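Residues per chain, in single letters:
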Amino acid sequence: MRLKHPKFLCFKDKAGSFSFILASISIIILFLIIVFVLNEGIPAFIELGFSNFLFGHRWSPYYGDFGAFPLLYGSILIVLGSLAISVPLGVFTAIFLAEYSPRWLSNILKPVIELLAAIPSIIYGFFGFMFLAPKIMEFLDVSMGKVALTASIILSMMTVPTIVSISSEVIASVPKEYRKASLALGATKWQTIKSMVLPAAKPGVIASLLLAFGRAIGETVAVLMVCGCVPQIPSPPWNYLEPVHTLTAAIALDMGEVSWGSLHYHVLFGLGAILLVITFIVNMIADFFIKKAPRGVQI
Amino acid sequence: MGKAGILTVAIVTFIIGLFSGSFALAPLLSANRGSTYAYSEDSLWRTDSIRVVGSTTVLPIANACALRFTELYNTTNIIIEGGGSGRGYSELIGGLCDIADASREPKQSELENAKQNGVTLILHEIAIDGIAIIVHPSVTQNLNGPLNLTLEEIGKIFAGVYSKWSEVREGLPDKEIVVFVREHGSGTRATFEEFCMEPFGLKVKTGASEVPSNPAMRQSVEQTPYSIGYVGLGFLSGNVEAVHVAEQSSGPFYAPTYENVKDGVYPLSRYLYMVTDGIPESGSLTDRFIDFVKSPEGQRIVEQCGYIAIYPKE
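Residues numbered from 1 in each chain as written. Chains lettered and ligands numbered in written order. Predicted model: local features only at pLDDT ≥ 70, side-chain atom pairs only at ≥ 80, totals over all residues.

A tally of regular secondary structure across chain B gives eleven helices and twelve strands. The buried share of chain B, reckoned over its 314 residues, is 46%. Of the contacts formed within chain B by residues at least 6 apart in sequence, a portion of 71% connects residues at least 24 apart. (Helix = DSSP H or I, 4+ residues; strand = E, 2+ residues; numbered from the N terminus. Buried ≥ 20, exposed ≤ 12 C-beta atoms within 10 Å, placed from the backbone. Contact = placed C-beta atoms within 7 Å.)

Listed below in structure tokens is the structure:
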């Protein structure tokens, strides 16, 4: 096909052009943030060496040891722990809301669950610090209440609304014909959900999990208050009853104190860059799944 | 349609230009703020505004003094922020604030940074602060008196040489020690390390939990049985036990009280500073504010905040 006069920047009317400008502003801001973080963070990778920085086992800025691995590990440990709690909770809540719950009950439940997402994260942190941590210390008989498990529980509370609201939308949007066909074949309600609705909604549900992952790994204040901030790899590595430190908490804890332009300053931006890369990858995968949802049954 | 397209491209280019332009111009624009005013007229400084940033230890003093100062001269504007001594120094060197609060002297790296930026750091002593070593009451429950520790023993506890309380002293509980420390830029930490860690070649163990402020430190120790931490003297309250400290094991051991710090017998004490870039212009708001903190009224506020005054109060 022959290309005509380039029309890609012509938008019907003035409102079109105007909204295009506003739309581009956020893209420009995103672009500038990425350039800024990379620009400030790359010197850390150069000075320390890529693998020394990313896989170094000792994080102790006071003594000039910048190994980000304990932080990276702590972040991932906490987030996986939180998903282990929030995924069953969120997905089954979504199933209930979309399939079983009568309309009047959904109309109450859904806004309430979404309200969980509106609570500022500092409140979650405060709740975890003042209430959950002492309780965990008491019940599990550990020497300190601020451990990976506490952070995981707090994070799971914060990510449940993301999972529920997206998943229930996706599940509800699976075409009625599928359900009717399945029921007509003699399947029970649960059988229909299990082998018809859920597989059709799978890409969307996975996308919601990945978005929850993105939210959890970027969470800062609440985690800072309850994770204990000990830059170590627990022994054994899957021990959730030991305090850990995370990428976000390390940035938040040290940022105010760092002298401008020092190696530590660049290291903190380096941590930011690592975080950016992780969330970008996760968001891109989530996007991929969102585009797939729900366009037919894949069993 | 073509017209709208060209217009759009032009506007977007303009916005990008504006963004990048402001980045490039920022240093030029901010360079102007260092220019000096002549404060010959008494009234000029009254409409000025300054920013005071830094150590959370100095924060209560700065806050209370600023409150009183702006009450006296209600057209002045003093903005107080915390963030730690490190932030204070770096913002002062970066020209972002007028006074930096500090609970330690500048590090070598900060001095070099200041030199590069043509900033002369002038330290104004405003008060003395002691650091109290605090433990959870569960540690001392079997002791008749207070817990006595030497500086070296404290260092070894924080370094992880002793992992259980019973290894430190007979009669202490046979429980793991939970160690809390402050984050790297904290003046409290710098002073603590200078007294308890550096002289003995010790480093804080990796299992130590970092907390971001004095109140958070007190809260953490309060909440956690068998834990140890340290706070500025002004924050010594609540359900924690203060450790009595001596330089040698033969004693004498001193409690972290105002009298002991004032008399200079308590080993863990330090000066608190307000830092400026060069000697402040006579009669400027910066000058007036620091003078106020050093004045009898300011020093009374210092004492009310739980620190030790160094200038006469009457």
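Looking only at helices and strands, one finds eleven helices and two strands in chain A. In chain A, the order of α-helices and β-strands from amino to carboxyl end is α-α-β-β-α-α-α-α-α-α-α-α-α. In terms of overall dimensions, chain A has a C-alpha envelope of 70 × 65 × 30 Å along the principal axes. Counting only residues that meet the buried cut, chain A has 42% of its 299 residues in that class. Nonlocal contacts in chain A, meaning residues at least 24 apart in sequence, comprise 75% of its contacts between residues at least 6 apart.

What follows concerns the pairing of strand S8 (residues 227-232) of chain B. All names here are of chain B. Burial of S8 is extensive: six of the six residues sit out of reach of the surface. Side chains of S8 alternate between two faces, with Ser227, Gly229 and Val231 and Ile228, Tyr230 and Gly232 buried alike. Bridge count for strand S6 (residues 178-182) against S8 is two bridges, and the pairing is parallel. Bridge pairing links Val178 to Ser227 in S8. (Pairing = 2+ DSSP bridges.)

In this structure, the amide linkage connecting Ser235(A) to the following residue, Pro236(A), adopts the cis form with an omega of -10°. Non-glycine residue Cys229(A) carries a positive phi angle of around 55°. As for its position among the elements, Cys229(A) is in the loop between helix H9 (221-226) and helix H10 (247-255). On the neighbour-count criterion, Cys229(A) (27 C-beta atoms within 10 Å) is buried. Residue Tyr226(B) is not a glycine yet carries a positive backbone phi of 60°. Along the polypeptide, Tyr226(B) turns up in the loop between helix H8 (214-223) and S8.

Attention now moves to helix H5 (residues 121-140) of chain A. Residue and element names in this part refer to chain A. Approximately 40° is the largest bend angle found in H5, and it occurs at Gly128. All of the buried residues along H5 are Tyr124, Gly125, Gly128, Phe129, Leu132, Ala133 and Ile136. Just downstream of H5, Asp141 is the residue with a positive phi angle, here 55°. (Bend = angle between axes of the 7 residues up to and from the residue.)

Residues and elements named next belong to chain B. Mean pLDDT for chain B: 81, with 85% of residues reaching 70 or above. The secondary-structure element of chain B with the lowest mean pLDDT is helix H1 (residues 2-31), recorded at 56, while strand S3 (residues 99-102) shows the highest, at 91. Scored below 50 in pLDDT, residues 25-41 makes ten contacts in the model with residues more than four places away or belonging to other chains. Here the prediction assigns the complex a pTM of 0.70, and the interface score ipTM is 0.71. (pLDDT = per-residue confidence, 0-100.)

Before going further, it helps to examine the pairing of strand S11 (residues 269-277) of chain B. All names here are of chain B. A large share of S11 lies buried, amounting to seven of its nine residues. As defined by bridge partners, S3 adjoins S11 across three bridges and the pair is classed as antiparallel. Note that in S11 the partner of Asp101 across the bridge is Met274. With nine bridges connecting them, strand S4 (residues 121-135) and S11 associate as antiparallel partners. Its bridge partner lying in S11, Gly130 is registered against Ser269.

What follows concerns the nonpolar core. Ranked by internal contacts, the top residues of the largest apolar core, which has 156 residues, are Ile154(A), Cys227(A) and Ile61(B). When residues no more than four places from it in sequence are discounted, the contact partners of Cys227(A) are Gly74(A), Ile78(A), Lys146(A), Ala148(A), Ala151(A), Pro243(A), Val244(A), His245(A), Thr246(A) and Ala249(A). (Core = buried A, V, L, I, M, F, W, Y, C linked by C-beta atoms within 7 Å.)

Residues and elements named next belong to chain A. Structurally, Phe92 is set in helix H3 (residues 69-100). Residue classification places Phe92 among the exposed residues on the basis of 12 C-beta atoms within 10 Å. Spatially, the C-alpha atoms of Phe92 and Ser168 are 9.4 Å apart, while their sequence positions differ by 76 residues.

This brings us to the packing of helix H8 (residues 189-218) of chain A against helix H11 (residues 263-292) of chain A. Residue and element names in this part refer to chain A. Interaxial distance between H8 and H11 falls to 8 Å at its minimum, and their mutual angle equals 165°. When the axes of H8 and H11 are compared, the pair comes out roughly antiparallel. Note on packing geometry: the crossing formed by H8 with H11 is left-handed. Contact residues: H8 offers Pro203, Gly204, Ile206, Ala207, Leu210, Leu211, Phe213, Gly214, Ile217 and Gly218, while H11 offers Leu275, Ile278, Thr279, Val282, Asn283, Ile285, Ala286, Phe289, Ile290 and Lys292. (Axes fitted to C-alpha atoms, helices over the stretch in contact; angles between N-to-C directions. Parallel < 35°, antiparallel > 145°, perpendicular 65-115°, else oblique. Left-handed = near helix turned anticlockwise from the far one by under 90°.)

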